[in-house]
Amino acid sequence: MEIQATKFSKEEIQTWLVSYLSELLEIEPSEVDVAIPFDRYGLDSSAAVGMTGDLEEWLGSELDPTLMYDYPTIEALAEHLS
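Here is a short report on the structure shown in this document. (Residues numbered from 1 in each chain as written. Predicted model: local features only at pLDDT ≥ 70, side-chain atom pairs only at ≥ 80, totals over all residues. Heavy atoms only, no water.)

**Quick word on the overall build of the protein chain**
For clarity, the threshold we go by: Strands here mean DSSP runs of E at least two residues long; helices mean DSSP runs of H or I at least four residues long; both are numbered from the N terminus. It is over C-alpha atoms that the radius of gyration is taken, and the globule rule equals 2.2 Å times the number of residues to the power 0.38. Only protein chains enter the accessibility calculation, which uses a 1.4 Å probe; a residue is then buried when its area is under 20% of its type maximum, exposed when over 50%, and partly exposed in between. A contact between two residues is defined here by any heavy atoms of the two lying within 4.5 Å.
Regarding its fold elements, the protein chain presents 4 helices and 0 strands. Listed by position from the N terminus, the elements making up the protein chain come as α-α-α-α. Taking 2.2 N^0.38 as the reference for a compact globule, 82 residues should give roughly 12 Å; the C-alpha atoms of the protein chain span a radius of gyration of 12 Å, in line with that estimate. Seen through its C-alpha atoms, the protein chain measures out along the principal axes to roughly 35 × 25 × 20 Å. Per-residue burial over the protein chain gives 35% buried out of 82 residues. For the protein chain, restricting intrachain contacts to residue pairs at least 6 apart in sequence, the fraction spanning at least 24 positions comes to 62%.

Quick look at the structure:
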């Protein structure tokens, strides 16, 4: 099965990431700050790899598992991916 890449806006990607983190951490989306580094939310490397895999599937394109280290905030990652 081939993955079909779709172009998403920075806002759409940020919304997905906020929703994903809020579900993962069991907090309200309003409690997720897009400017706070992922590691401040307590995400370890396995959580980062899991999130990257789910994001990859949603975006429809292959992502480098180290992206969260290169772009350490939701805002920076969404900007890079859009």
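Additional details are given in the paragraphs that follow.
**Let's talk about the side chain of Ser22**
Inspection of the secondary structure puts Ser22 in helix α1 (residues 10–25). Once residues lying within four places of it in the same chain are set aside, the contact partners of Ser22 are Ile27, Glu28, Pro29 and Val32.

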